[in-house]
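Coordinate analysis (summary)
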Amino acid sequence: MEFDVCKLEKAVNGRARFFLRHLEAIRSLLPPEEVRFLLEDPVEFTSKSCFFRGLTREKVAQCLQTGLMLPQYGQMNSHAVFETDSPYLALIHATGHLSALAVVDPDKVDPLTPLVQPGTPAYAALAGQGCKVCGKPGCHKAACFEAQNYVDTISMSTIGHAWHNIELRKPQPLSGVRCFSVEQRDFCVLLDPADPDHRQKLHRLYLC
């Protein structure tokens, strides 16, 4: 069984080969039931076994130098390490020469709070405990704009799609990355930063 390339080509405006190289590389990391879903619909596929993060060359270099994926600002002033359960969505953000797809083990995420859906009672309870920013008398902390930066969240990323954004407020350890999918000519290789030989290759590619 091969990838449904037609839907992918319609979605990515000429970058289908880039997406296919990375998706082909990561299929070996997925359980059989997820592989079937990935092949049938690479655009809508979501994983329960992996999180993903699309990285520019500069972001990979920063990760290798610091041993961390550092929070950055995103939509609505949210400050987090942004991950997703959709490799397609992650790859949209992997741009430029030597960009990479980080495959993250969900069991090795370093959480600040449990992952909660914004707008739920669980989110309100955590946000109410966490907002330390505005300091205004009578502020309803659960509704405060800055409260989001004290709660790890998971939420639907776009209306009409099954993808989820995962927003982690603490720096995330490099040890949580199972591997980086990196382009080499016409295919992608999976490089595990915990493997000394692979780490050396990553350093040659991104830090030299």
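Structural data are supplied above this passage.
Throughout what follows, the structure given in this document is the object of discussion.

Calculation notes
Residues numbered from 1 in each chain as written. Predicted model: local features only at pLDDT ≥ 70, side-chain atom pairs only at ≥ 80, totals over all residues. Heavy atoms only, no water. Phe/Tyr/Trp six-rings, centres within 6.5 Å; stacked < 30°, edge-to-face > 60°. Helix = DSSP H or I, 4+ residues; strand = E, 2+ residues; numbered from the N terminus. Salt bridge = Lys/Arg side-chain N within 4 Å of Asp/Glu carboxyl O. Buried < 20%, exposed > 50% of the residue type's maximum accessible area, 1.4 Å probe, protein only. Core = buried A, V, L, I, M, F, W, Y, C linked by side-chain atoms within 4.5 Å. Contact = heavy atoms within 4.5 Å.

Attention now goes to the packing of aromatic side chains. In this structure the tally under the stated criterion is 4 aromatic pairs. Between Phe18 and Phe19, the aromatic rings sit 5.6 Å apart at their centres with planes inclined by 85°, giving edge-to-face as the arrangement. Where Tyr88 meets Trp163, the ring centres are 5.5 Å apart and the plane angle is 35°; that geometry is what we call tilted. Residue Tyr88 is found in helix α5 (residues 87-92), and its partner Trp163 is found in the loop between β6 (153-156) and β7 (164-168); the two are separated by 75 residues along the sequence.

All right, on to the pattern of salt bridges then. Side chains that differ in sign of charge can pair as their charged atoms come close. For the structure on display, the rule yields 5 salt bridges. The salt bridge partner of Lys7 is Asp41, with a shortest N-O separation of 3.0 Å. One end of the pair, Lys7, is in helix α1 (residues 5-12); the other, Asp41, is in the loop between α3 (32-40) and β1 (51-55), with 34 residues separating them in the sequence. Measuring nitrogen to oxygen at the nearest pair gives 3.2 Å for the salt bridge that ties Arg27 to Glu24. Arg27 gets classed as partly exposed once you look at its relative accessible area, which sits at 22%.

This next bit is on the nonpolar core. Within the largest apolar cluster, 25 residues are counted, with the highest numbers of intra-cluster contacts made by Leu8, Phe19, Leu23, Phe52, Tyr88 and Leu91. When contributions to this core are tallied by element, the ones reaching two or more residues are α1, α2 (16-26), α3, α5 and β5 (100-104). In terms of residue count, α2 provides more of this core than any other element does, 5 residues in total. Not counting chain neighbours up to four residues away, the residues in contact with Phe19 comprise Leu8, Val12, Tyr88, Leu91 and Ile92.

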